[in-house]
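Inside the fold
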4 protein chains.
Amino acid sequence: MVLLEFSMNPLGKGESVSQYVARSLDIIDASGLPYRLTPMGTILEGEWEQVMAVVRQCYERMRADCPRITCSIKIDAREGKSGRLAGKIASVEQRLGRELRK
Amino acid sequence: MVLLEFSMNPLGKGESVSQYVARSLDIIDASGLPYRLTPMGTILEGEWEQVMAVVRQCYERMRADCPRITCSIKIDAREGKSGRLAGKIASVEQRLGRELRK
Amino acid sequence: MVLLEFSMNPLGKGESVSQYVARSLDIIDASGLPYRLTPMGTILEGEWEQVMAVVRQCYERMRADCPRITCSIKIDAREGKSGRLAGKIASVEQRLGRELRK
Amino acid sequence: MVLLEFSMNPLGKGESVSQYVARSLDIIDASGLPYRLTPMGTILEGEWEQVMAVVRQCYERMRADCPRITCSIKIDAREGKSGRLAGKIASVEQRLGRELRK
C-alpha cells in the first residue's frame, strides 16, 4: 500500500489558486479512495496505480485551462500495511505517550 | 508568514523509523510554534527564521546518531497572511460548499 | 510536455543505497526517454504517461526486494514546449549573460 | 556535509518566471559555495547553515516584490563525505560500468 501526498499548482493564474485546488478536490473526493486534506496538500492511500490515476485526472483537468503546472509528489510505500492514513500518527503518539496536534 | 512542511528520515536505521520521528516531534512540540502533524510530515507556521530554526534543531538531534539523513521541505510563503494552518483548508471548503476529510 | 524529477530510496537497506539507484538507472536508460542524472535525482522528459510509466517500473523493480520505499517526484509541465531538458538552463544563462555550473 | 537541492517560484507573476530564477542564480553564484544548476533546480553543497543561508537570501530577495512564493527543498546529509556533488554520480556510473547522461 502507498501513501501519496501531492500538491498541484498552476503558474500564471494569479496569486490565489484555490479555485483550481477546489476542482482537484472534487476529483479526489469522487475517487472513493481514502484521503486526507492538509494545509499543504492532499494525502491519498491506495495501490500505486489507484493513487496515480487520481493525480493524473487532476492533471488532465488542470491542463485544460492552465498551460503551465507544477506538481510535487511524495510517496511512502510499505508492503502489507494498510490503514496508515490513521496509523502512522497513532504509532508516533503511542511512542511519545501523548496526543499531538493534527 | 510561512507554512513549512517537512519530513526527515535516517537512512540505514532499519525499515521503521518512528523512534526518530518521535524525537523530532518532541522538539517541534517544545518550540511553541503552531504546527500540524500529518501522516506524511509536519507543518509549521511562523516566520522563515522561526520555522527553519526548528527544522535545524531536528537535524542536529538526528545527526547525533544517524550518519545519513534525507529531508524534504515544502514552503508556501505569503505576505501578510497568518492563521493559514487552519485558513487554507477552510477557504477550499467554502469554495466547494462542503466539508472535506482532514 | 513534462519534466519530471524523481528520487526513490529504500528504507532499511543500509546507509548506502547506490546498488538500488543503479538498477533504477538501468530501467531509465533502457526507456529511451531523454533524461539527465543529477546528484539528487533523475530528470525525465516526455508526456505524462511516458515519464510516469518509467517511475512505476523503477518502483515495481525496487519493491521486489525492498518492503519500504520512499519516493519524491517534482513535475514541471508546460504545454507545447519540448526540449526543455536543455532549454531551461539555456534560457536562464541567456538572461544572465553568462554560463553557469551544470 | 549537506547536498541541498531547491527551487523557488513566485505565484501570480505569470507563466514564465525565469527573471526571478536568474536573480536567485546571481545570489547562488556569488555565495562561493559549490553548486550545480539542473533543469529542475539548483544543488548546493556545504554545511547546513551555509546552504540554508543561501536559500534564505534568495527568499528575501524574491519576497521584496513577490507576495506569494513556493519553495521545495530536498536534503541529503552524510557525515564526513564531501565532494558529493561530483561523487554521487561517479559512484553510480562505476557500479553500472558505463557513463550516463548528465
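Now for a description of the structure that goes with this document. The structure displayed is predicted, hence computed values, not measured ones.

Notes on the relation of the copies chain D and chain C
What relates the pair of chain copies is a rotation about an axis plus a shift along that axis. For the match of chain D to chain C, the screw axis carries a shift of 0.0 Å, the RMSD comes to 0.0 Å, and the turn is 180°. The superposition operator between the copies reduces to a two-fold rotation axis. Measuring from the rotation axis to each C-alpha of chain D, the shortest distance belongs to D:Thr38, at 3.6 Å. Here 100% of the interface residues in chain D have copies in chain C that are interface residues too; the copies meet face to matching face.

Let's talk about the environment of A:Met8
Mapping A:Met8 onto the fold places it in strand β1 (residues 2-10). C-alpha separation for the pair A:Met8 and A:Val55, spaced 47 residues apart in sequence, amounts to 8.8 Å. For A:Met8, the residues in contact, after removing those within four places along its chain, are A:Val55, A:Cys58, A:Tyr59, A:Met62, A:Ile69, A:Thr70, A:Cys71 and C:Trp48.

Describing the interface of chain D and chain C
Between chain D and chain C, the contact holds 38 residues from the first and 38 residues from the second. Broken down residue by residue, the surface that chain D buries against chain C is led by D:Pro39, D:Met40 and D:Arg101, which jointly contribute 23%. On the surface where chain D and chain C come into contact, there are six salt bridges. Here D:Arg98 makes a salt bridge to C:Asp29, at a shortest N to O gap of 3.1 Å. Where chain D meets chain C, there are 14 residue pairs in polar contact (both at pLDDT 80 or more). Elements with a contribution of two residues or more to the side of chain D that touches chain C: β1 (2-10), α1 (18-31), β2 (35-38), β4 (68-78) and α3 (84-96) of chain D. With eight residues, the top contributor of residues to the side of chain D that touches chain C is α3(D).

Focus: the pairing of strand β4 (residues 68-78) of chain B
β4(B) sits mainly inside the fold: 10 of its 11 residues count as buried. Summarising the sheet, β4(B) and β4(D) pair through 11 bridges and their orientation is antiparallel. Bridge pairing links B:Lys74 to D:Ser72 in β4(D).

Re the environment of C:Leu11
In this fold, C:Leu11 is placed in the loop between β1 (2-10) and α1 (18-31). For C:Leu11, a relative accessible area of 4% translates into the label buried. Remark: the alpha-carbon pair of C:Leu11 and C:Arg68, spanning 57 residues in sequence, is separated by 5.5 Å. Those residues within four positions of C:Leu11 in sequence are excluded, and the remaining contacts are B:Pro10, B:Leu11, B:Gly14, B:Glu15, C:Arg68 and C:Thr70.

Points about the pattern of salt bridges
For side chains bearing opposite charge, pairing can occur when the charged atoms are close. Across all of its chains, the model carries 44 salt bridges over all chains by this definition. C:Glu49 serves as the salt-bridge partner of A:Arg56, at 3.3 Å between the closest nitrogen and oxygen. Note that A:Arg56 is positioned in helix α2 (residues 48-63) and C:Glu49 in helix α2 (residues 48-63), a pairing that runs across two chains. Put simply, B:Arg56 and B:Glu60 hold a salt bridge, and the shortest N to O gap is 3.3 Å. Residue B:Arg56 and its partner B:Glu60 are both found in helix α2 (residues 48-63); the two are separated by four residues, about one turn of the helix. Through salt bridges that share partners, A:Glu49, A:Glu79, C:Arg56, C:Glu60 and C:Arg63 make up one connected network.

Definitions and cut-offs
Residues numbered from 1 in each chain as written. Chains lettered and ligands numbered in written order. Predicted model: local features only at pLDDT ≥ 70, side-chain atom pairs only at ≥ 80, totals over all residues. Heavy atoms only, no water. Least-squares fit on C-alpha atoms with pLDDT ≥ 70 in both. Contact = heavy atoms within 4.5 Å. Helix = DSSP H or I, 4+ residues; strand = E, 2+ residues; numbered from the N terminus. Buried area = accessible area lost by both parts, 1.4 Å probe. Salt bridge = Lys/Arg side-chain N within 4 Å of Asp/Glu carboxyl O. Polar contact = N/O pair within 3.5 Å; in protein donor to acceptor, adjacent residues only side chain to side chain. Buried < 20%, exposed > 50% of the residue type's maximum accessible area, 1.4 Å probe, protein only. Pairing = 2+ DSSP bridges.

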